[in-house]
Amino acid sequence: MNAVIATSALAIAAAFVSMPIVRSRYGKPAMARAEAELARQGVRTSVLRENGMRFDASGHESAAPIGIAAIMIALAGLNFAGADLARPLNWVLLTLVLLGNGVILYSNLTAVQSVRAAFAKKGDPMLARIDVPALLKEAEAGFPDWTWTLQNIRHVLVFGGAALGLVLTALI
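To keep things clear, this report deals only with the structure shown in the data block. (Residues numbered from 1 in each chain as written. Predicted model: local features only at pLDDT ≥ 70, side-chain atom pairs only at ≥ 80, totals over all residues. Heavy atoms only, no water.)

## Digging into the layout of surface pockets
Thinking step 1. Size it by volume and the largest pocket reaches roughly 1300 Å³.
Thinking step 2. If you trace the largest pocket, you find 42 residues lining it, with Arg-23, Glu-61, Ser-107, Asn-108 and Ala-111 closest to the centre.
Thinking step 3. Elements with a contribution of two residues or more to the lining of the largest pocket: helix 1 (2-40), helix 3 (60-81), helix 4 (86-109), helix 5 (111-122), helix 7 (132-140) and helix 8 (146-171).
Thinking step 4. No other element matches helix 5, which puts 8 residues into the lining of the largest pocket.
Thinking step 5. Looking at the lining of the largest pocket residue by residue, the classes come out as 22 nonpolar, 13 polar and 7 charged. (1 Å grid on protein atoms, 1.4 Å probe; cavity = no way out; pocket = protein on both sides within 12 Å on 5 of 7 lines; lining within 4 Å. Points joined across faces, edges and corners; volume = space filled by probe spheres on them. Helix = DSSP H or I, 4+ residues; strand = E, 2+ residues; numbered from the N terminus. Nonpolar A, V, L, I, M, F, W, Y, C, P; charged D, E, K, R; others polar.)

## Observations concerning the nonpolar core
Thinking step 1. Val-47, Leu-48, Met-53, Phe-55, Phe-119, Ile-130 and Leu-135 are the most contacted members of the largest nonpolar core, which has 20 residues in total.
Thinking step 2. Taken together, the elements giving at least two residues each to this core come down to helix 1, helix 2 (47-50), helix 5, helix 6 (125-128) and helix 7.
Thinking step 3. The dominant element in this core, judged by the number of residues it contributes, is helix 1, at 5 residues.
Thinking step 4. One finds Ala-69, Ala-76, Leu-93 and Leu-168 within the second-largest nonpolar core, a separate group that totals 18 residues. (Core = buried A, V, L, I, M, F, W, Y, C linked by side-chain atoms within 4.5 Å. Buried < 20%, exposed > 50% of the residue type's maximum accessible area, 1.4 Å probe, protein only.)

## Considerations on the packing of helix 4 against helix 8
Thinking step 1. The geometry of helix 4 relative to helix 8 is characterised by a closest axis approach of 9 Å and an angle of 155° between their N-to-C directions. Of the possible angle classes, the one that applies to helix 4 and helix 8 is roughly antiparallel. Read as a crossing pair, helix 4 and helix 8 show a hand that is left-handed. Judged by residue contacts, Arg-87, Asn-90, Trp-91, Leu-94, Thr-95, Val-97, Leu-98, Asn-101, Gly-102, Ile-104, Leu-105 and Asn-108 of helix 4 engage Gln-151, Arg-154, His-155, Val-158, Phe-159, Ala-162, Ala-163, Gly-165, Leu-166, Thr-169 and Ala-170 from helix 8. (Axes fitted to C-alpha atoms, helices over the stretch in contact; angles between N-to-C directions. Parallel < 35°, antiparallel > 145°, perpendicular 65-115°, else oblique. Left-handed = near helix turned anticlockwise from the far one by under 90°. Contact = heavy atoms within 4.5 Å.)

Pasting the structure below:
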């Protein structure tokens, strides 16, 4: 069972690094499309960068998933080795991954509302004028169509892998 838990942890690690890889490759075209949409809306194209909104894999967009992947790889190693420490770490880390991915999914599903709220919080009248759904739709068009399938597969791997790991940990 430890080998299955370890394999699940490796699948979770791979899932977490998949999106930064895609964002690294296609983030610039997505940003260009978003900026073109801003220009179409009569909003200065630099407003996103000025307010820390990006579509590439910079900053926390890479650091967090790569950090989680590294932790999952270490957890897999402990499980493959049959280390006593693996069991309590499975409980803690797989639960955190399960809950954290729930937050990520919620964030994905409420992106329009989240971006509107973030823009409103800034108090910048230029940001308040932005048609957020059109902006996000145009930015999404900068990524290949298969990106959204990959994102769904990623969620299945993370939710499924964490749940499987927790169930098997309970049976050990």
